[in-house]
Amino acid sequence: MGANRSAGKLAWALSAIALLASLAGLVLLPALKPKVVRAGDNTWTGIGPRGSRVLDLAVSPAYAEDQTLFAAAGLGGIFVSNTGGASWRTANTGLPYGTVRAIAVSPNYRNDRTVFAGTEEAGLFKTTDGGNTWFACNSGLDGTWVEVIAVSSNYAHDRTVFVGIRHDHGGVYKSTDRGQTWVSRNDGLRYRDVRALVVSPGFANDQTLYVPLWRPSAQVTGGMFRSTDGADRWYRIRWWAFEITHLAISPGFENDQVVYAGTEENAIWKSTDRGDSWFRAWVGFCLPELRAVRRITISPDYAADQTVFIVTKAGVLKSTDVPELWRPSGSFSEGVAAVAMSPDYFADGSAFVGGSFGVSKTTDEGSSWADADDGLWYPSYTINGVAVSPEYADDGIVVATTWSAAAPLRTTNGGITWHESGAGVEGTSMSSLALSPDFAHDQLLLCGTNTGVFQSTDAGDTWQKVSYGLGTLDVQAVAVAASDDLFAAAATGYVYRFTNGATSWRGSRVGGAGTFRCLAASPEYVNDGVLLVGTECTPPSCGTSGGIWISLNRGVSWQRLQAGLPTCANVNALAFSPRFAHDRTVFAGLSERPGRSGGVYKSTDAGTTWHAVNSGIGFDPNVGPDVRALAVSPNFAADQTLYAGTDGFGVFRSTDGGASWTNVGDSLYNPHVRTLSILPGPEAAIFAGTDGSGIWHYRWTAATPTHTPTSTATPTHTATPTSTATPTATATKPTYTLYLPIVIRN
């Protein structure tokens, strides 16, 4: 339906433009194709595939006035809505790339605009302008994985915040200066892997907190701990043999003394005496999946409405009565991570649910839910392979393989929309993707999976298994040497070949190789039959297993190429010069290993000898970073340009054949790059597949050539008077070219 509406809008727009042009005597552009998302000039643009995994939600205490809520979106960072969830925008300025797991809003948000965000990799961050800018506040924190944040209800006066740090060296930390400095508060806690933490709503008077400890083994005692002196000392009040996943405390705790605890296997428990005793509150938990509690949220007006929402492994449940009879709320299944309620829930009935689907909202106390995630989408997925159509400017085709999707993902509009293609692709792990060198004519793609090889002959729209002779082997790398000559490297240590007319794949052993990481065919393969394969070093047999292997006879036999390479090298990427027949140039991307050099290596004698070319990549020119991907310009002979995708440093570009490198922009939010694909021609761009943030592309303004033919080698913009009637930019009665940007929204 959305596509039909878009098509209708486009047709109407073009008709209107044509009518205006005919009336005004204008000359239209001959090829107006606004269906492809064009990369921004000199900046990275995310094109998907998109997701919206939400791990936590927080609502402004002044929600009735500002309609503000925040979402911790994992690798997508922070999103904020000022429209009650009707629309969202990213709010990541100052945040490093990483997984945002927890978010907490100041009780005095109306005045201080303060929000805290906890990450897995970089600790705690804070904003004092409602999310416009963030800054780190980690002074005194020993761990980086901030699992939970608890802000004092009296924050405006006591300036107190607590965080729970996950893993062995974590624990509870306290700040009394709004997060500027932190002090460990673990006296009495025998183990410090903190997964949940709550502060009493009356903290100013009772100084009470609760924290459960995750049991790492049967030898370590877990259970519930309580502090009544602001976390100076903790005392165990209950021992449990099972894991506690979440805590919630009643807003009227000073009067009702109610605390809830969610567990991994034993549903939900409740205390009505400050935690001194507990009882099961699980009427209605008939399925095992419902007993795995992920989150508990208590109504702000609990004393009046007795409402509690819980997130379980099988969806959302709600209770509105003292005996805690739980009933399903909505049709959510797996993937729910958080529930947040409006501070005025008793009056407006509003609550929000976040998870792998984005955000949903109710305004009738959970009787019905509707999507509330417009704009809360970001490039996601871990990308293992990217194939870009050479006709991308016209057809908008990009195909990607991922770890998590059930089939290759495909777009035909440059990333506006994506869909899973190829029903029947059985591999749960799609490791590699290869584009035919004659793709414009044969539309051929090859996909390697952990159950064999799949082929598409319609640009990735449909796929067929072509594993005759391979069975269900784990295929780690594939290559299309020619339309009728396919190669697959399998976990058996063999490289297999399939040619037109053959009945099955035929394999050849590659020395002592075990795990393959990449496979490449010479651009002159039809004439020279050259193949290269990159392998993983497997200690203690590094001297014979890892490195680069070459075949000079179309995969019949292989020999190891090691001169100049590290003794034990993981070779992640291989790329031939397009003029390999003349310059004999090949590039290799290696992993950094302890005591070994990674980075980019170059050979100018067809792989016989190699030397490192890492100047400008990473921090140390002598020890290159983990290079995962390489892409060589189709015009390499003239421009000497190639690209390297790294794990942690982003994408680098060399315009002197690898002698020196510069980073390609700092707008690539995720610097962990797994694969690259280069698009030649007028829309020249580089496409980067990342580890967890989808696909991004980058276009240089200078890469756009002029389309005006001239009789001289140097085109100019100054009109030269001639005796012909050729219109120029200085003509007395000009002919206009109409440029009209058209934006199509599904």
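About the thresholds
- Residues numbered from 1 in each chain as written.
- Predicted model: local features only at pLDDT ≥ 70, side-chain atom pairs only at ≥ 80, totals over all residues.
- Heavy atoms only, no water.
- Helix = DSSP H or I, 4+ residues; strand = E, 2+ residues; numbered from the N terminus.
- Buried < 20%, exposed > 50% of the residue type's maximum accessible area, 1.4 Å probe, protein only.
- Contact = heavy atoms within 4.5 Å.
- Areas by Shrake-Rupley, 256 points an atom, 1.4 Å probe, with all protein chains shown as cover.
- Pairing = 2+ DSSP bridges.
- Axes fitted to C-alpha atoms, helices over the stretch in contact; angles between N-to-C directions.
- Core = buried A, V, L, I, M, F, W, Y, C linked by side-chain atoms within 4.5 Å.
- Phe/Tyr/Trp six-rings, centres within 6.5 Å; stacked < 30°, edge-to-face > 60°.
- Lys NZ or Arg CZ within 6 Å of the ring centre and 35° of its normal.

1. Some thoughts on the overall build of the protein
Here is step 1 of the chain: Broken down by element type, the protein carries 14 helices and 60 strands.
Here is step 2 of the chain: For the protein, the proportion of its 746 residues judged to be buried stands at 53%.
Here is step 3 of the chain: Across the protein, contacts joining residues at least 24 apart in sequence account for 47% of those joining residues at least 6 apart.
Here is step 4 of the chain: Per element, the accessible surface of the protein, about 31,300 Å² overall, is 51% carbon and sulfur.

2. So, the sheet that holds strand 58 (residues 685–690)
In a beta sheet, neighbouring strands pair by backbone hydrogen bonds and run either parallel or antiparallel.
Here is step 1 of the chain: Overall, antiparallel pairing links the 4 strands, which are arranged 2-59-58-57 in an open sheet. One side of each edge strand has no neighbouring strand; the edge strands of this open sheet are strand 2 (44–48) and strand 57 (673–679). Going across the sheet, the axis of each strand differs from the next one's by a mean of 25°, ignoring polarity.
Here is step 2 of the chain: Of the strand pairs in this sheet, strand 58 and strand 59 (residues 695–699) are connected by 5 bridges, and their pairing is antiparallel.

3. Description of the pairing of strand 25 (residues 308–312)
Here is step 1 of the chain: With 5 of 5 residues buried, strand 25 lies mostly within the body of the structure.
Here is step 2 of the chain: A two-sided burial pattern is seen for strand 25, the buried positions comprising Val308, Ile310 and Thr312 on one face and Phe309 and Val311 on the other.
Here is step 3 of the chain: Examined bridge by bridge, strand 24 (residues 293–298) and strand 25 share 5 bridges and lie antiparallel to one another. Bridge pairing links Ile298 to Val308 in strand 25.
Here is step 4 of the chain: Of the pairings in the sheet, the one linking strand 25 to strand 26 (residues 315–319) comprises 5 bridges and is antiparallel in character. Its bridge partner being in strand 26, Phe309 is matched across the sheet by Lys318.

4. Considerations on the sheet that holds strand 44 (residues 506–509)
Here is step 1 of the chain: Strand order in the open sheet formed by 4 strands is 41-42-43-44, with antiparallel pairing between adjacent strands. Each end of this open sheet is capped by a strand with a single partner; those strands are strand 41 (475–482) and strand 44. The mean angle between the axes of side-by-side strands here comes to 20°, regardless of whether they run parallel or antiparallel.
Here is step 2 of the chain: Of the strand pairs in this sheet, strand 43 (residues 494–499) and strand 44 are connected by 4 bridges, and their pairing is antiparallel. Its bridge partner being in strand 44, Val495 is matched across the sheet by Ser508.

5. A short note on unusual backbone geometry
Here is step 1 of the chain: At the junction of Gly48 and Pro49, the peptide bond is cis and its omega measures out at -5° in the coordinates.
Here is step 2 of the chain: Along the chain, Pro49 falls in the loop between strand 2 and strand 3 (50–51).
Here is step 3 of the chain: One non-glycine residue with positive phi stands out, namely Gln207, at about 50°.
Here is step 4 of the chain: If you trace the backbone, Gln207 turns up in the loop between helix 5 (203–206) and strand 17 (209–213).
Here is step 5 of the chain: In this model, Gln640 sits at a positive phi of 55°, which is unusual for a non-glycine residue.

6. A closer look at the nonpolar core
Here is step 1 of the chain: Within the largest apolar cluster, 27 residues are counted, with the highest numbers of intra-cluster contacts made by Val386, Val388, Val398, Trp418, Trp463, Phe687 and Ile695.
Here is step 2 of the chain: Formed by 19 residues, the second largest nonpolar core is a distinct cluster that contains Ala520, Leu532, Ile548 and Leu590.

7. Concerning the packing of aromatic side chains
What characterises a pair of aromatic rings is the spacing of the ring centres plus the angle enclosed by the ring planes.
Here is step 1 of the chain: Applying the stated rule across the entire model yields 19 aromatic pairs.
Here is step 2 of the chain: Residues Phe309 and Trp369 carry aromatic rings whose centres are separated by 6.3 Å and whose planes lie at 80° to one another, so their mutual orientation is edge-to-face. With a gap of 60 residues between them, Phe309 in strand 25 and Trp369 in the loop between strand 30 (358–362) and strand 31 (370–371) connect regions that are remote in the sequence. With respect to burial, Phe309 and Trp369 carry one shared label: buried.
Here is step 3 of the chain: Pairing Tyr392 with Phe687 gives two aromatic rings, centres 5.3 Å apart and planes at 80°, and the pair type is edge-to-face. Residue Tyr392 is found in helix 9 (residues 392–395), and its partner Phe687 is found in strand 58; the two are separated by 295 residues along the sequence. Here Tyr392 and Phe687 have matching classes, each one buried.
Here is step 4 of the chain: In this structure an aromatic cluster arises from ring pairing among Phe309, Phe332, Tyr345, Phe357 and Trp369.
Here is step 5 of the chain: Lying across the ring of Phe580, Arg584 places its NZ or CZ 4.4 Å from the centre.

8. Remarks on the side chain of Thr449
Here is step 1 of the chain: Along the polypeptide, Thr449 turns up in strand 38 (residues 445–449).
Here is step 2 of the chain: A residue is classified by how much of its surface remains accessible, and Thr449, at 0% relative accessible area, is buried.

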